[in-house]
Amino acid sequence: MTEKTNKEINIVCAPAGIVSIKSPGRGIACLSDAGFESMLLDFSLCCPPEELEKTGKERGTEAALAFEEECCGESAENEYDGNGSISLSQSFSLIEQCQKSGMRIKIAYAPYLPRSYKYSNLNALLAMLAKESIRACGQAGCKYIVIRPLFAGIPDEEIWSRNREYYMELALLAREYEVQILLENQCRDRNGHLVRGICADIYEAISWVDSFNETLGEERFGFCMDVGACNLCGMNMYDFISGLGERLKAVVLRDCDGSHENALLPFASVNNGQAQTDWLGLIRGLREQGFAGEMIFNMKDTISAFPSLLYPELLKWAKAIADYFKWQIGMENILKKYPSRVLFGAGNMCRNYMKCYGEKYPPLYSCDNDSAIWGTVFCGLEVKNPQCLKELPEECAVFICNIYYEEIKAQLKDMGIRNPIEYFNDEYMPSYYFDRLEMKAVPDRIF
Amino acid sequence: MRLGVQTQNIINDSNPSEGFAMMAKAGFACADFSLNSYLINSSIYRGELNDFFNRTVRELEEFFLPHKRAAGEAGVAIHQMHMPYPMYVPGGKAELNDYLWNQVAPKSMELCHFFGCPYIVVHGFKLVHYLGSEEKEWEQTEKFIHSIAPMAKEMGITICIENLYDGLGGHLIEGPCCDGKKVVERIDRINERYGTEVLGFCFDTGHANLAGINFERFIGMLGHRLKVLHIHDNDGIADLHQIPFTFSRSRGNKTSTDWEGFVRGLGKIGFDKVLSFETAPVLDAFPEEMKRDAIGFIARIGGYFVERGKIIFETGMDTKVYAFCQENR
């Protein structure tokens, strides 16, 4: 489906549910066998959110926690002192195993708290873990690290100032280790209902990244968009991506039903035959931006629910889905790769091509196997006999605009066509007509 | 601050006096006139129009004269009205959309004026799937607003756009008018063009809750542009239009909707208009015998919001801290 371009999406698999931190070799081999070449360095495997929560509750006295709960934001005195057993030391064997297996590590994720955690007594521990993560990240040659903001037990009016201080301190270390810190859109737990949290507002996200970078005088901060968190808060993903622009360095792809926080295989969460995540808005936005960053595939909950014997097949399927996203998002890059192009097919897909890309990437003509329409003009394109393709200039690509891709490709090969053959697809288009050709025509303008 | 509630499920066309009297007795000084209940959205989407708006403006006014009189006699002001929606059906027949735009919309404006109602709520068009972006979608909504704005100016009515949701396989997500910054820019630009407040905003708590929007921040951004409220609650999953404080999503059983943020937001902008409840489905849920109690309870919640606002802004304190101080004084 894809050909290598200079700037393209890097597919990254999140290891949660697949790779065991104690013996990572088998899981990494499984990922490798499925075709994944990059893995997320997920430090939360060493100290999962629920473990952190347990630690926090053990260390916070009952009275302090009760007081905090009552006053919602007063800081407890009993902060973690840094002398506990929690550490990221186990990540070293993970990094070592990745290096041995040739599994690239380009992006990491620092430990984080459950969204429902309310007390401030673990914020010092989180800061310590974030610093440790940055060091490990730098040593592993990792370019990016996602670090969630501090939120637990912090009053709304102090969120910005406390995090500014936190991130500025981390930035100095990140600079030393040549790592870029990525902020991420958060959900806030409102008594079990996940609503928009820190940096879920696009204007806030932009202002945080820009303000940090301006203070530092360098691009030390970027953004990672968590599709699952966007979906839980019903956010307009197209607008979010457009607003972030070049700040967007990574996307966490995961599906959920919009109500429960899960990390499902994309397209898995459906109801009445419809997806429950706005994949159209996501792909539209990323395609328009020419996104070529890290695409983290997180399917932890799907993996956990599957029988382990099916993991190899499931992972191969996941890789195919990841490739599909890469292909759809990079569709415009494929169009612009060639100096000229012709279309094969003169139906709805051709019509949609002409609506969205006809002006920007005009085809020379279209061709079709239906001899009845040879010589006619469709959407401004002359429809020709496929035999005409034999006279194409060498650099001209043939874009198949019909879902019988394989059959048409075979036909072209049999005809001896040596030009590049690409598949065009209109499932995720920048815009659509209000009708399809087979329907009775309806006006395509609104008064 | 006055309290209001929608007329749907309370006012009966054959005897509107009874319903308005019930509203007044419960403590509502204002009504949100549910004009949309005379041409319901599901019928419009199916292209199945009734003949209600085939009437002339004069005939429509005659139809609603008893309602107007009954409201006046009960001392209930028609503070806001809901125009039928949608006003554009994507893929619908040209005649259908023409009828909605050129018959239903202007006649709704005439009726709003007839009732002496200062605000009419309209829905933005849901076209992002076809047009590709919210900006392009808004361009079409704005065309519609311009089609009725001259009437609004002449009649002294403010058209209010409302934050809406859209659906994906039953999952409700952000729809038109959910970006506070864009909303503010658009309202100001249009009002400047007409030299008066032809456009304002209707904040719908239930829709905001479905899209996880921060109530306090959104209301704070709207400021004086916020004219009308649709107060109702849900579980964050479905648009249920239920009584505030009734939904919980955790074992603590605390409300999963940010009502404190709502009150703080209103206080911040000095909102002094009507706390209007859009809770008609509640009256379907309760038995007929309990209808009056249910309406009374909704009004009581309105009263609570007013009191909460006073406490927060007179003391500058968070509710829990205030309660704690009161107990330990």
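None of these values were measured; they are calculated from a predicted model.

Cut-offs applied
Residues numbered from 1 in each chain as written. Chains lettered and ligands numbered in written order. Predicted model: local features only at pLDDT ≥ 70, side-chain atom pairs only at ≥ 80, totals over all residues. Heavy atoms only, no water. Buried < 20%, exposed > 50% of the residue type's maximum accessible area, 1.4 Å probe, protein only. Helix = DSSP H or I, 4+ residues; strand = E, 2+ residues; numbered from the N terminus. Arc of directions from axis to C-beta. Contact = heavy atoms within 4.5 Å. Polar contact = N/O pair within 3.5 Å; in protein donor to acceptor, adjacent residues only side chain to side chain. Salt bridge = Lys/Arg side-chain N within 4 Å of Asp/Glu carboxyl O. Domains from an automatic or database assignment. Buried area = accessible area lost by both parts, 1.4 Å probe. Pairing = 2+ DSSP bridges. Axes fitted to C-alpha atoms, helices over the stretch in contact; angles between N-to-C directions.

Novice: Please set out helix α9 (residues 215-222) of chain B residue by residue, giving values where relevant.
Specialist: All names here are of chain B. Taken residue by residue, α9 has Phe215, Glu216, Phe218, Ile219 and Leu222 as its buried positions. Projected onto a plane normal to the axis of α9, the buried residues spread over an arc of 165 degrees and lie on a single side. For α9, the secondary structure elements touched by its buried residues are α7 (180-194), β8 (199-204), α8 (205-210), β9 (226-230) and α10 (259-268). If you check the start of α9, you find a side-chain oxygen 3.2 Å away from the backbone N of Glu216, and it comes from Asn214. Where α9 ends, the next residue or the one after it, Gly223, has phi of about 55 degrees, a positive value.

Novice: Help me get a handle on the pattern of salt bridges, residues and values and all.
Specialist: Summed over all chains, the structure comprises 37 salt bridges over all chains. Measuring nitrogen to oxygen at the nearest pair gives 2.7 Å for the salt bridge that ties Arg254 of chain A to Asp226 of chain A. Here Arg254 of chain A is found in the loop between β9 (248-253) and β10 (270-271), whereas its partner Asp226 of chain A is found in strand β8 (residues 221-226), with 28 residues between them in sequence. For the pair Arg254 of chain A and Asp226 of chain A, one class covers both residues: buried. Residues Asp272 of chain B and Lys273 of chain B are paired through a salt bridge, measuring 3.7 Å at the closest nitrogen-oxygen approach. One connected set of salt bridges, linked through shared partners, spans Asp239 of chain A together with Glu134, Glu135, Lys182 and Arg186 of chain B.

Novice: Break down the domain arrangement of chain A for me, citing the residues and quoting the values.
Specialist: Residues and elements named next belong to chain A. Domain annotation for chain A reports domain 1 (10-333) and domain 2 (338-423). Taken residue by residue, the interface counts four residues in domain 1 and four residues in domain 2. Of the roughly 400 Å² buried between domain 1 and domain 2, counting both surfaces, carbon and sulfur atoms make up 45%. On inspection of domain 1 and its partner domain 2, the count reaches three residue pairs in polar contact (both at pLDDT 80 or more).

Novice: Give me unusual backbone geometry: which residues, what numbers.
Specialist: Residues and elements named next belong to chain B. With an omega dihedral of 0 degrees, the bond running from Tyr85 to Pro86 counts as a cis peptide bond. Mapped onto the fold, Pro86 is located in the loop between β3 (77-82) and α4 (94-114). In this model, Asn9 sits at a positive phi of 75 degrees, which is unusual for a non-glycine residue. Note on placement: Asn9 falls in the loop between β1 (2-6) and α1 (16-26). A relative accessible area of 25% places Asn9 in the partly exposed class. Positive phi values are uncommon outside glycine, yet Phe245 reaches one of about 75 degrees. Mapped onto the fold, Phe245 is located in the loop between β9 and α10.

Novice: Could you give an account of the sheet that holds strand β4 (residues 119-122) of chain B, naming the residues involved and the relevant values?
Specialist: Residue and element names in this part refer to chain B. One open sheet accounts for eight strands, arranged β9-β8-β5-β4-β3-β2-β1-β10; its pairing is parallel. Each edge of the open sheet carries a strand with a single partner, namely β9 and β10 (274-277). Averaged over all pairs of adjacent strands, the angle between strand axes in this sheet comes to 30 degrees, irrespective of strand direction. Across four bridges, β8 lies against β9 in parallel orientation. Bridging from a neighbouring strand, Cys202 pairs with Val228 of β9. Sheet strands touched by helix α6 (residues 134-155): β4, β5 (158-162) and β8. Its angle to β5, the strand with the most contacts, is close to 160 degrees. With respect to the sheet, α9 is in contact with β8 and β9, its orientation differing from that of β8 by roughly 170 degrees.

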